[in-house]
Amino acid sequence: MKRHSLLIASLCTAALLFGASPYMDLVEESDKACGECKWEEALRAIDSAIEWEPDNPGNILLLSNKGMIQYNLGLDSLAVATLTEAHKKAPKSVTILSNRARVLTACGRDREAIADYETIMGLDSVNSEARFHHGLLSLRHRDYNSAKADFDWLLANKPDTPESNIAQATMLCALGQYAEAIPYYNHILDEIKEPEYYGARAYCHLMTGELQEASDDIAAALEKSPADGELYLYRAALNKMRYRPDDSRKDALRAIELGIEPSRAQQFLK
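Throughout what follows, the structure given in this document is the object of discussion.

About the thresholds
- Residues numbered from 1 in each chain as written.
- Predicted model: local features only at pLDDT ≥ 70, side-chain atom pairs only at ≥ 80, totals over all residues.
- Heavy atoms only, no water.
- Helix = DSSP H or I, 4+ residues; strand = E, 2+ residues; numbered from the N terminus.
- Buried < 20%, exposed > 50% of the residue type's maximum accessible area, 1.4 Å probe, protein only.
- Contact = heavy atoms within 4.5 Å.
- Lys, Arg positive; Asp, Glu negative; His and termini not counted.
- Charge placed at Lys NZ, Arg CZ, Asp CG, Glu CD.
- Disulfide = S-S within 2.5 Å.
- Phe/Tyr/Trp six-rings, centres within 6.5 Å; stacked < 30°, edge-to-face > 60°.
- Expected span 1.5 Å × (residues − 1).
- Arc of directions from axis to C-beta.
- Core = buried A, V, L, I, M, F, W, Y, C linked by side-chain atoms within 4.5 Å.
- Patch = residues over 30% accessible without salt bridge, like charges linked within 9 Å, V, L, I, M, F, W, Y side chains within 5 Å.
- Areas by Shrake-Rupley, 256 points an atom, 1.4 Å probe, with all protein chains shown as cover.
- Salt bridge = Lys/Arg side-chain N within 4 Å of Asp/Glu carboxyl O.

Focus: the overall build of the protein chain
Phase 1: In terms of helices and strands, the protein chain carries 16 helices and zero strands.
Phase 2: Summarising its shape, the C-alpha atoms of the protein chain cover approximately 75 × 40 × 30 Å along the three principal directions.
Phase 3: Looking at the protein chain residue by residue over its 270 residues, the buried ones come to 43%.
Phase 4: Of all intrachain contacts in the protein chain linking residues separated by at least 6 positions in sequence, the fraction that spans at least 24 positions is 44%.
Phase 5: Across the protein chain, 30 positive and 41 negative side-chain charges occur, with their mean positions spaced 4 Å apart.

What about the state of the cysteines?
Phase 1: For the structure shown, the criterion picks out zero disulfides.
Phase 2: Cys37 takes part in no disulfide bond, and the closest cysteine sulfur to it belongs to Cys34, at a distance of 8.4 Å.
Phase 3: The thiol sulfur of Cys173 is not disulfide-bonded, and the nearest other cysteine sulfur, from Cys204, lies at 3.4 Å.
Phase 4: Exposure remark for Cys173: the relative accessible area of 18% places this residue in the buried category.

Structural notes on the packing of aromatic side chains
Phase 1: One pass over the full model with this rule turns up two aromatic pairs.
Phase 2: Residues Tyr178 and Tyr203 carry aromatic rings whose centres are separated by 5.7 Å and whose planes lie at 75 degrees to one another, so their mutual orientation is edge-to-face. Here Tyr203 lies in helix α12 (residues 195–207) and Tyr178 lies in helix α11 (residues 178–191), a separation of 25 residues in the sequence.
Phase 3: Since its relative accessible area comes to 16%, Tyr178 is described here as buried.

Regarding helix α13 (residues 211–224)
Note that an α-helix has 3.6 residues per turn; residues three or four places apart therefore point the same way.
Phase 1: With 14 residues, α13 ought to run about 20 Å at 1.5 Å a step, and its terminal C-alpha atoms sit 20 Å apart, in line with that.
Phase 2: In this structure, the buried side of α13 is in contact with α12 and α14 (229–241).

A look at helix α7 (residues 110–123)
Phase 1: Here α7 spans 20 Å end to end across 14 residues, near enough to the 20 Å set by a 1.5 Å rise per residue.
Phase 2: Listed in full, the buried residues belonging to α7 are Asp110, Ala113, Ile114, Asp116, Tyr117, Ile120 and Met121. Relative to the axis of α7, the buried residues are bounded by an arc of 160 degrees and lie together on one face. Facing away from the buried side of α7, by more than 90 degrees, are the exposed residues Arg111 and Gly122.
Phase 3: In this structure, the buried side of α7 is in contact with α6 (94–106), α8 (128–140) and α9 (144–157).

Focus: the nonpolar core
Phase 1: Of all hydrophobic cores here, the largest spans 41 residues; its most connected members are Phe151, Tyr185 and Cys204.
Phase 2: Looking at this core, the elements with two or more residues in it are α8, α9, α10 (162–174), α11, α12, α13, α14 and α15 (245–257).
Phase 3: In terms of residues, this core owes the most to one element, α14, which gives seven residues.
Phase 4: Not counting residues up to four positions away in its chain, the partners in contact with Cys204 are Cys173, Tyr178, Ala181, Ile182 and Tyr185.
Phase 5: Of all hydrophobic cores here, the second largest spans 15 residues; its members include Leu83, Leu97, Leu104 and Ala130.

Concerning a negative patch on the surface
Phase 1: On the surface, a cluster of negative charge is contributed by Asp25, Glu28, Glu29, Glu40 and Glu41.
Phase 2: Listing elements by their share of the negative patch, those giving two or more residues are α2 (22–35) and α3 (39–52).
Phase 3: Top element by residues in the negative patch is α2. It accounts for three residues.
Phase 4: Looking at the element boundaries, Glu41 is found in helix α3.

What to know about the environment of Arg142
Phase 1: You can see Arg142 is positioned in the loop between α8 and α9.
Phase 2: For the pair Arg142 and Val27, spaced 115 residues apart in the sequence, the C-alpha separation amounts to 43 Å.

Below is the structure:
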């Protein structure tokens, strides 16, 4: 969870000015529990703080934190409800809207998340994070014009950032321009050596027939994420292209074991 250090800092500053209180003790207790990923303890402390001083203006941001703690506990519907309550109290808070959009996306409520990101962009036209996620969600729903507008803005205003490179690579892949996407994945992997990006670049290499490069990327990704079924599916495709049907079948079966839909692996089982 993204911890709201500005919230804690501002409340702690108030405590220094006006003296410590049970309310601040509970806020600090919640913050400490969040830092240790003790979500249930953090939730109890926040609830106690709000109950102790129900009219404290700091409760709006505590509600935002509470929503994200509920999200980390798997209480997605409650998290949305809490963040909606916070939004009603502070309709211009970008932090609250960002948190709600994140939870809505995780719940599969993309259209509502898109609306929240659009509200954020209306409040803060240079908010690159909102534009990035708005673009990715638009692309998921094949709204290519909206996605391109967001990604072009990132390229013009935030060039050479991971977000801009991810945006361009994702867009190019969606358009089937795999060779053009590879340089962007190269830049991403210079900074972020995560298996998902090795896997994405491996897929591009497969689609452009660069089998050794694909093999290297799949191996690097599997080293970091050995239980990722998608990677085994890619290796099944690689082995089929290398005329190794037995190895391809073995990888396809492993991909299914790890949760890949059998219909996607069927072509490698023949």
